[in-house]
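Remarks on the overall topology
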Amino acid sequence: MQFENGNLILDDAERSLLSAVSMKEIKVEYPAAYFVGSLVEMKAEAELYIRQIGLKQDQDRRDVLRIEIILLLIETLDCLAQKGYEAAEVAGNPIRWQ
């Protein structure tokens, strides 16, 4: 991932991974704050889903597997967000939240 003119440029591997995770086509370039913010939103939705599964009275083996998969998803989102922060930081344009 590279930072250029306020945007994060994703490489092919990052695009493929995020496309698989989000189940939609991912573009090559996004405004940095938007991209990282979107990952944070996806993570929050995943964490909410885990909490909803945890509230079920009759959890089964599939629920445990769902939680494990979602935790891997969260780890992936954290990794991509960190790469975005680092790319912007290296370029001298750290991402700031408003």
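In this text the structure is predicted, and so the values were computed from the model without any measurement. (Residues numbered from 1 in each chain as written. Predicted model: local features only at pLDDT ≥ 70, side-chain atom pairs only at ≥ 80, totals over all residues. Heavy atoms only, no water.)

1. Looking at the packing of aromatic side chains
The test is simple: The criterion for an aromatic pair is that two Phe, Tyr or Trp rings (for Trp, the six-membered ring) have centres within 6.5 Å, with stacked assigned to planes under 30 degrees apart, edge-to-face to planes over 60 apart and tilted to the rest. Whether a residue is buried, partly exposed or exposed follows from its accessible area with a 1.4 Å probe, protein chains only, as a fraction of its type maximum: under 20%, in between, or over 50%, in that order.
With the rule as written, the count across this model stands at two aromatic pairs. Look at Tyr-30 and Tyr-34: their rings are 6.1 Å apart centre to centre, the planes differ by 25°, and that puts the pair in the stacked class. Since its relative accessible area comes to 11%, Tyr-30 is described here as buried. The exposure class of Tyr-34 is exposed, given its relative accessible area of 52%. Within the aromatic cluster, the residues linked to one another by ring pairs are Tyr-30, Tyr-34 and Phe-35.

2. Examining the nonpolar core
For clarity, the threshold we go by: What we call a nonpolar core is a set of buried Ala, Val, Leu, Ile, Met, Phe, Trp, Tyr and Cys residues that are connected through their side-chain atoms within 4.5 Å. Numbering goes from the N terminus for both helices and strands, where a helix is a DSSP run of H or I of at least four residues and a strand is a run of E of at least two. In what follows, residue pairs with any heavy atoms lying within 4.5 Å of each other are defined as contacts.
Counting 17 residues, the largest nonpolar core has Leu-8, Leu-10, Leu-18, Phe-35 and Leu-39 as its most contacted members. Elements with a contribution of two residues or more to this core: α2 (32–55) and α3 (61–90). When residues of this core are assigned to their parent elements, the largest contribution, five residues, is made by α3. Residues within four places of Leu-39 in sequence aside, it is in contact with Leu-18, Leu-77, Leu-80 and Ala-81. Counting residues in hydrophobic clusters, the runner-up holds five residues, among them Ala-46, Ile-50, Ile-53 and Ile-70.

3. Re the pattern of salt bridges
Definition in use: Any Lys or Arg side-chain nitrogen located within 4 Å of an Asp or Glu carboxyl oxygen qualifies as a salt bridge.
On inspection of all chains with the given rule, the structure shows seven salt bridges. Salt-bridge contacts for Arg-15 lead to Asp-12; the nearest nitrogen and oxygen are separated by 3.9 Å. Of this pair, Arg-15 and Asp-12 are both found in helix α1 (residues 12–22), three residues apart, which corresponds to roughly one turn of the helix. We classify Asp-12 as exposed; its relative accessible area is 59%. One salt bridge connects Asp-63 with Lys-56, and the closest N-O pair in it is separated by 3.0 Å. With a relative accessible area of 1%, Asp-63 lands in the buried category. Using a relative accessible area of 36% as the deciding quantity, one classes Lys-56 as partly exposed. Among the charged side chains, a network of salt bridges with common partners joins Asp-12, Arg-15 and Glu-25.

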